[in-house]
Amino acid sequence: MGPMQAYEPDPTSETPALQLGGMVSTFTVVKIERADPAAVGVALQEMLARTPDLFEDAPVALDLSGIDGPTDRSVGEGDGLRVAARPSGVSLGDLVRALRAGGLLPVAVCDPSNRRRAEARALGLASLRGGGRRAHRGSETGEPATEDLSPVSAAGKALTLRHPVRGGQVVYAEGTDAVVLGPVNPGGEVIADGHIHIYGPLRGRALAGAHGDLEARVFCQRLEAELVSIAGVYLQAEQLPAPYRGQPAQVFLDGETLVVGDL
Amino acid sequence: MAKVIVVTSGKGGVGKTTTSASIAAGMALEGYKTVAIDFDVGLRNLDLVMGCERRVVYDLVSVVKGEASLRQALIRDKRVENLHILPASQTRDKEALDLEGVGRVVKELGTMGFDYVVCDSPAGIEKGAQLAMYYADEAIVVTNPEVSSVRDSDRILGLLDAKTQRAIEGREPIKTHLLVTRYSPARAASGEMLSVDDILELLGIELLGVIPESQAVLNASNQGAPVVLESETDAGGAYLDVVKRFVGEALPHRFLEPEKRGFFSRFFSPSPRSAFAG
């Protein structure tokens, strides 16, 4: 589950010293369950004893919700219900040292509280928003989704949505395909570890193969996407081939190139 | 049991308060005992549009806080029988409202024999807007024919599907209606604004009505009278249609097509067909 190849725009003749590009990648998330760096180190050693090269210098993101409680972000903005995070006394630096000693490479903290964010900054770690997406039950802004949006299917059984996916809503089909019986509107986002089938216009974002499945595809009845991605390789709206805009289409990976084809 | 209607949009300035005032007044004209509640705590516009700003003593916040009874706070409209207004507070903190308190107010309005409770939502998607929609049975989503307004309405429709009591309790989903306001068929036809079809295509909900862009709305608002009371005007007539459709009358939609050109304009700029006829 390493970083995925990003879509490369055409190289220009003049190459500046610096170029910005996008990349979607997946991290292993390490959830810390005990506020005790020594215990974390021991647990890590036990894991490594079983599978020695499991995490060799693997970049990992830390989830501290097990020891600090949920941060307010997981409750959602704007609903007036705020749960203050009460970080445990353990220092982030001690935890990071224990993980590094075990061969992990912590690079970020998921949804940190303000105090944890300051600690992370001091340690040179990034703060990731939306770390809750792994255990996702609704949108990025924390809305509880409707009944139809919420269930995360059992492995192998597709997640079927009978409502439009509207702006601001995010749906994640964990470990399976997503089937949307309606439109995905601008600002809406469907993420699936498998394929994404949209029986309607795709006007928002569709990210298939979110955990690196190179065989995953996106199918839609009308391609008007803001972004489509397979296993981290993505195309933005203006990169979609003109003949397929507004047409039924499928999107898949051919080697490292994202291809749009007839449905 | 009162039916609770929220008038909402996401975007500000699209005509929520104008619509709330006219829907509530129109329902009352049709004989239903109706109350309009202003949820825009801190701004207080509904009482102005309805022309009762001088009669405000208590408000929604004072009722929720238990400082006044509902009967004390309700203002009875002087023009239309059956029409009542529960104003917002201009001076109170909007944090003063909470779900439980609003729930008590809505329930008590039901026991007082109201047929319709019209909730005028503040703009945005934050707490105030979510409080206004929470207890709703039906929603009127107000949209202007421009992209940002339509996108915001889409966002609000997502919240209506997820953040209302009906959604949370897994009951029958809230019924959503689209109201397009400030519409100019001629400008839509020439591509200067989105057409009703464009809007319906994206939002995919039932069209309740189209209110034409009209000077009558501004005039009525300045006079403190819901425009629906001036039903001889284009916008007033359109709102009366909307109310009648809402309560079940099948009326054809109006203001979808540009007005037919008059005799003189035809005379001075002949249509292509008459040019070929000679």
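Above this note sits the structure.
Notes on the structure in this doc start here.

Quick notes on the rules
Residues numbered from 1 in each chain as written. Chains lettered and ligands numbered in written order. Predicted model: local features only at pLDDT ≥ 70, side-chain atom pairs only at ≥ 80, totals over all residues. Heavy atoms only, no water. Helix = DSSP H or I, 4+ residues; strand = E, 2+ residues; numbered from the N terminus. Buried < 20%, exposed > 50% of the residue type's maximum accessible area, 1.4 Å probe, protein only. Contact = heavy atoms within 4.5 Å. Pairing = 2+ DSSP bridges. Polar contact = N/O pair within 3.5 Å; in protein donor to acceptor, adjacent residues only side chain to side chain.

Moving on, we come to the overall build of chain A. The number of helices and strands found in chain A is 4 helices and 15 strands. Per-residue burial for chain A yields a buried fraction of 45% across its 263 residues. Restricting the contact set of chain A to residue pairs at least 6 apart, pairs at least 24 apart contribute 39%.

All right, on to the pairing of strand S12 (residues 227-230) of chain A then. All names here are of chain A. Burial along S12 is two-sided: Leu227 and Ser229 and Val228 and Ile230, pointing in opposite directions, are all buried. Of the strand pairs in this sheet, strand S10 (residues 205-208) and S12 are connected by 4 bridges, and their pairing is parallel. Following the sheet pairing, alanine 206 is matched in S12 by valine 228. For S12 and strand S13 (residues 233-236), the ladder comprises 4 bridges, and the chain directions are antiparallel.

A separate point is the environment of aspartate 77 of chain B. All names here are of chain B. Looking at the element boundaries, aspartate 77 is found in the loop between strand S3 (75-76) and strand S4 (83-86). Sequence separation of aspartate 77 and cysteine 52 is 25 residues, and the distance between their C-alpha atoms is 7.5 Å. Beyond its immediate stretch of four places on either side in the chain, aspartate 77 contacts Met50, Arg55, Leu83 and Ile85. Side-chain polar atoms of aspartate 77 contact the backbone nitrogen of valine 80, separated by 2.9 Å.

For the rest of this paragraph, the subject is the pairing of S10 of chain A. For strand S8 (residues 189-192) of chain A and S10 of chain A, the ladder comprises 3 bridges, and the chain directions are parallel. Paired with glutamate 189 of chain A across the bridge in S10 of chain A is arginine 205 of chain A.

These values are about where atoms sit, not about what they do.
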